[in-house]
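Chain by chain, the residues:
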Amino acid sequence: IGWFTNFLAIKMLFHPREPMQLPGLLLQGLLPRRRMDLAEKIGETVAEEILSAGEISSLLGKIHWREEVRGIVHSVITRDLIPRRMQLLPGVPALLDEIQSRLTDRIMAALAEQMDDIVARFHDELDLKQMVVDRMARLDLDELETLVFRLAGSELRHIEIVGAVLGCAVGLAQSLLFYLSRY
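What comes next concerns the included structure. (Residues numbered from 1 in each chain as written. Predicted model: local features only at pLDDT ≥ 70, side-chain atom pairs only at ≥ 80, totals over all residues. Heavy atoms only, no water.)

1. Some words on the overall build of the chain
Counting its regular elements, the chain contains eight helices and two strands. Ordering the α and β elements of the chain from the N terminus gives α-β-β-α-α-α-α-α-α-α. The C-alpha radius of gyration of the chain comes to 31 Å, more than 25% above the 16 Å expected for a compact globule of 183 residues. Over its C-alpha atoms, taken along the principal directions, the chain stretches across nearly 110 × 30 × 30 Å. The buried share of the chain, reckoned over its 183 residues, is 22%. For the chain, the share of sequence-separated contacts (at least 6 apart) that also reach a separation of at least 24 residues comes to 66%. Taken together, the 21 basic and 26 acidic charged side chains of the chain have centroids lying 5 Å from each other. (Helix = DSSP H or I, 4+ residues; strand = E, 2+ residues; numbered from the N terminus. Rg over C-alpha atoms; globule rule 2.2 N^0.38 Å. Buried < 20%, exposed > 50% of the residue type's maximum accessible area, 1.4 Å probe, protein only. Contact = heavy atoms within 4.5 Å. Lys, Arg positive; Asp, Glu negative; His and termini not counted. Charge placed at Lys NZ, Arg CZ, Asp CG, Glu CD.)

2. Some words on the packing of aromatic side chains
Here the structure, examined in full by the defined rule, presents three aromatic pairs. Judged by centre distance (6.5 Å) and plane angle (50 degrees), the ring pair of Trp-3 and Phe-4 falls under tilted. Residue Trp-3 is classed as partly exposed on the basis of its relative accessible area of 38%. Between Trp-3 and Phe-7, the ring centres sit 5.2 Å apart and the planes meet at 20 degrees, which makes this aromatic pair stacked. Note that Trp-3 and Phe-7 are positioned in helix α1 (residues 2-11) at a spacing of four residues, about one turn of the helix. Since its relative accessible area comes to 28%, Phe-7 is described here as partly exposed. Members of the aromatic cluster, joined through ring pairs, are Trp-3, Phe-4 and Phe-7. (Phe/Tyr/Trp six-rings, centres within 6.5 Å; stacked < 30°, edge-to-face > 60°.)

3. Details of the environment of Ala-169
Topologically, Ala-169 is positioned in helix α8 (residues 141-181). Sequence-wise, Ala-169 and Pro-23 are 146 residues apart; in three dimensions their C-alpha atoms are separated by 34 Å.

4. Points about unusual backbone geometry
Along the chain, His-15 connects to Pro-16 via a cis peptide bond; the corresponding omega equals -5 degrees. Checked against the element boundaries, Pro-16 lands in the loop between α1 and β1 (20-22).

5. Here's the deal with the side chain of Glu-145
Among the secondary structure elements, Glu-145 is positioned in helix α8. Excluding anything up to four places from it in sequence, Glu-145 contacts Phe-14, His-15 and Arg-17.

Here it is, written out as structure tokens:
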């Protein structure tokens, strides 16, 4: 009985997917029934305890934007603005380097002025909790079951095995007591 009840309890985490009406009882798996509650709690936990919008915003402020901007400016100038033939003319490479350097400096100055506002706006608009809730709501129940078993499959299997061992031990103890009580 121990193994079977544990096996059944684990299966009933996910099944039945749709509610089944039995006389005096509505039967549905825990996760299909409470999926949105679980999504809300996981989203809350992620947003408040694991990875807050403030932490992500802080990371944005630590990125070394200068090299990123320099690469983008170089790419735009050499690929999009100045034809390749013109880039080969004498003196043009030095001029392009100067334009790239000045443009990068100006963009970096503008970014520095705006970075606090950008990070604050990002922080205000990033709703990690809702992102997690939305993603979990889109998960198919089969995907959710696969995810849970991938994360905790061995532990769930151990629960079944422990149930089998305990059920066997209790059954043997009861048999022994029954046998001893007859004498």
